[in-house]
Amino acid sequence: MARTRVVIDTDPGVDDAVAILLALASPELEVLALTTVAGNSDLEKTTLNARRLVELSQRFDVVVAAGCAEAIAGAVRYEGEGDVHGIDGLGDLQWDSPNVPLHDEHAVELLFRLISEGPLTIVAIGPLTNLGVLLERYPDCAALVERVVIMGGASFEGNVSPAAEFNIWADPEAAQMVFAASWPITLMPLDLTHQASLNDDDLAYFSGLNTEVGRRVADMLEPYARFHEVWYQQREVFMHDAMAVYELLDASAITKQGVEVSVETSGTYSRGATWIDRRHQHANSRTQVGVSVDNATFVELLRTRLSTYR
Ligand code: RIB
Ligand code: CA
């Protein structure tokens, strides 16, 4: 089986954690690195969490490189920080200090080197700052990238504001550069990711695995479920970021269509909105958007893959 060479750019983040653990348990993928960015929490915490997840998965071959601490247009603070992913960004569990070193290259430099060394798929599940800076420093690298799979944006209603989804809202200037670049993009917006969720039975299943991964996933999803209960009046937890990984495991699982995507950077109320143009069914567009997914099939795969950890 030809494995897909991957870097996951991430702001862990509880749903990032599930996506990362899914990717590291999937033989279809050769995950080379986690590159971190500020988003769900500050860069120090998202980077520590990425190191924690590498140790939890026991995949010590995966390097963790820290990226950008603030958005291209300057730091943004989400006033709800801590409410969604906990104060530490990973559900506020108790962790020992991870025995995983911080890689010595900046995330952007590591991304460029890995792009230069061969076909690379970038899974972007946080704000797109690292990719924006990559394009600023190395404008020609987009043509070398096999594909960018992004969790972000929304066709209709946002989450951090009525208009905007968090990852795009956190750095609209970077997102605008990413969607304007020449690399192929597959976008998983909220209207797709809200079709994928885990319920209390799934949390009980993971807890019942009696493995460190199972326990940690169940424990970190509990506060995330409480957030969903307050915000969405249901405990089912959306698996936003895992959709970007799932796309690489089974290309037929998520139905897609060709679109054009623009990012609002100047609107008073709409800054960070994604305008996903479906009007002309852009068949040969280099940007695809996820449209629908069967949650039961996704959850079965996730349960199977996370059960392989010992
Ligand atoms: O809007 C959902 C996205 O924002 C996910 O990537 C989640 O981790 C948060 O970063
Ligand atoms: Ca994320």
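Residue numbers run consecutively from 1 along every chain, following the written order of its sequence. Throughout, the order in which chains and ligands are written sets their labels, letters from A for the former and numbers from 1 for the latter. The predicted origin of the model limits local features to residues at a pLDDT of at least 70 and limits the giving and counting of side-chain atom pairs to 80 or more, whereas totals for whole chains, interfaces and linings rest on all residues. Excluding hydrogens and water, the side-chain values take into account all heavy atoms of the structure.

A few words now on the overall build of the protein. Along the protein, the regular secondary structure elements total 11 helices and 11 strands. Each radius of gyration reported is based on C-alpha atoms, and the globular scaling rule is 2.2 Å times the count of residues to the power 0.38. Scaling as 2.2 N^0.38, a compact globule of 310 residues should have a C-alpha radius of gyration of about 19 Å, and the protein matches this with 18 Å. A buried classification covers 60% of the 310 residues belonging to the protein. Two residues qualify as a contact provided that any one of their heavy atoms is within 4.5 Å of a heavy atom in the partner residue. When contacts within the protein are restricted to residue pairs at least 6 apart in sequence, long-range pairs at least 24 apart make up 80% of them. A total of about 12,400 Å² of accessible surface is found on the protein, and carbon and sulfur atoms cover 50% of it. Looking at the protein, you have 22 positive and 45 negative side-chain charges, and the mean spots of the two groups are 4 Å apart. By definition, any uninterrupted DSSP run of H or I lasting at least four residues is a helix, any uninterrupted run of E lasting at least two residues is a strand, and each is numbered from the N terminus. The rule is simple: take the accessible area with a 1.4 Å probe, protein chains only, and divide by the maximum for that residue type; under 20% is buried, over 50% is exposed, in between is partly exposed. Each accessible area value is a Shrake-Rupley result obtained with a 1.4 Å probe; residue values ignore everything except the protein chains displayed when judging cover. Counted as positive: Lys and Arg. Counted as negative: Asp and Glu. His and the chain ends are not counted at all. By convention, charge coordinates are those of NZ in Lys, CZ in Arg, CG in Asp, or CD in Glu.

For the rest of this paragraph, the subject is the pattern of salt bridges. For this document, the term salt bridge refers to a Lys or Arg side-chain nitrogen within 4 Å of an Asp or Glu carboxyl oxygen. This structure, assessed with the given rule, holds 18 salt bridges. In this structure, D200 engages R235 in a salt bridge whose closest nitrogen and oxygen atoms are separated by 2.8 Å. Here the residue D200 occupies a position in helix α8 (residues 200-208), and R235 occupies one in the loop between α9 (212-232) and β8 (237-238), the gap between them amounting to 35 residues. Accessibility expressed as a relative area gives 37% for D200, which makes it partly exposed. The residue R235 makes a salt bridge to E222 at a minimum N-O spacing of 2.8 Å. Of the two residues, R235 is situated in the loop between α9 and β8 and E222 in helix α9; the sequence distance between them amounts to 13 residues.

Relative to the 16 Å expected for 12 residues at 1.5 Å per residue, helix α11 (residues 295-306) spans 16 Å between its end C-alpha atoms, a close match to the ideal helical length. Looking only at α11, the buried set comprises F298, V299, L302, R305 and L306. The buried residues of α11 occupy one face: seen down the axis, they fall within an arc of 130 degrees. Of the exposed residues in α11, those oriented more than 90 degrees away from the buried face are A296 and E300. On its buried face, α11 sits against α1 (14-24), β7 (197-198), α8, α9 and α10 (242-249). The length a helix should cover is 1.5 Å for every residue beyond the first. The arc in question is the one traced by the directions running from the helix axis out to the C-beta atoms.

DSSP calls a pair of strands paired once it identifies at least 2 bridges connecting them. Spatially, β3-β2-β1-β4-β5-β6-β11-β9-β10 is the arrangement adopted by the nine strands of the open sheet, whose pairing is mixed. With partners counted over all chains shown, the strands left at the sheet margins are β3 (63-66) and β10 (274-277), one partner each. Each strand of the sheet is rotated relative to its neighbour by a mean of 30 degrees, with strand direction disregarded. Bridge analysis of strand β5 (residues 147-151) against strand β6 (residues 185-188) gives four bridges, and the strand direction is parallel. Paired with V148 across the strands is I185, a residue of β6. To define axes, lines are fitted to C-alpha atoms, for helices over the stretch in contact only, and angles between the resulting N-to-C directions are given on a 0 to 180 degree scale.

Residues of helix α6 (residues 172-180) that are buried: P172, A174, A175, V178 and F179. An end-on view of α6 places all buried positions within 155 degrees of arc, on one side of the element. Buried residues belonging to α6 abut α4 (129-137), β5, α5 (166-169), β6 and β9 (254-263).

Around a metal, the ideal angle is 109.5 degrees if four donors adopt a tetrahedral arrangement and 90 or 180 degrees if six donors adopt an octahedral arrangement. Only nitrogen, oxygen and sulfur atoms qualify as donors, provided they sit within 2.8 Å of the metal or within 3.2 Å for Na, K and Ca; with water excluded from the atoms, sites may seem incomplete. Within the first shell, the calcium ion (ligand 2) binds the protein through D11 (OD), D16 (OD), D16 (OD), I125 (O) and D241 (OD), at distances of 2.2 to 2.6 Å. For the calcium ion (ligand 2), all donor residues lie on one chain, and their spacing in sequence is D-x4-D-x108-I-x115-D. In this structure D11 comes out as buried when scored by relative accessible area, which is 1%. We classify D16 as buried; its relative accessible area is 0%.

If even one non-hydrogen atom of a residue comes within 4 Å of a molecule or strand, that residue is called near it. Not every one of the 13 residues close to ligand 1 is listed here, only the nearest: D15, D16, N159, E165 and D241. Surface burial for ligand 1 is 96%, taken as the share of its 280 Å² of free accessible area covered by protein chains. Within the residue set of the shell around ligand 1, elements represented by two or more residues are α1 and α5. Under the scheme applied here, ten amino acids are nonpolar (Ala, Val, Leu, Ile, Met, Phe, Trp, Tyr, Cys and Pro), four are charged (Asp, Glu, Lys and Arg), and all others, including Gly, are polar. Partitioning the shell around ligand 1 into residue classes produces three nonpolar, five polar and five charged.

Let us now look at the packing of aromatic side chains. Centres within 6.5 Å are what make two rings of Phe, Tyr or Trp a pair, Trp counting through its six-membered ring; a difference in plane orientation under 30 degrees is then read as stacked, over 60 as edge-to-face, and the rest as tilted. Summed over all chains, the structure comprises seven aromatic pairs. Ring geometry for F227 versus W231: centroids 5.9 Å apart, planes at 15 degrees, classification stacked. Separated by four residues within a single helix, F227 and W231 lie in helix α9, roughly one turn from each other. With relative accessibility at 16%, the residue F227 sits in the buried group. W231 sits in the partly exposed class, given a relative accessible area of 47%. Ring geometry for F227 against Y232: centres 6.5 Å apart, planes inclined by 85 degrees, an arrangement best described as edge-to-face. When its relative accessible area of 23% is taken as the criterion, Y232 is described as partly exposed. A ring has a charge above it when a Lys NZ or an Arg CZ is no more than 6 Å from the ring centre and no more than 35 degrees off the ring normal. Note that R303 overlies the ring of Y205, its terminal NZ or CZ placed 4.3 Å from the centroid.

Nothing here speaks to function; it is geometry throughout.
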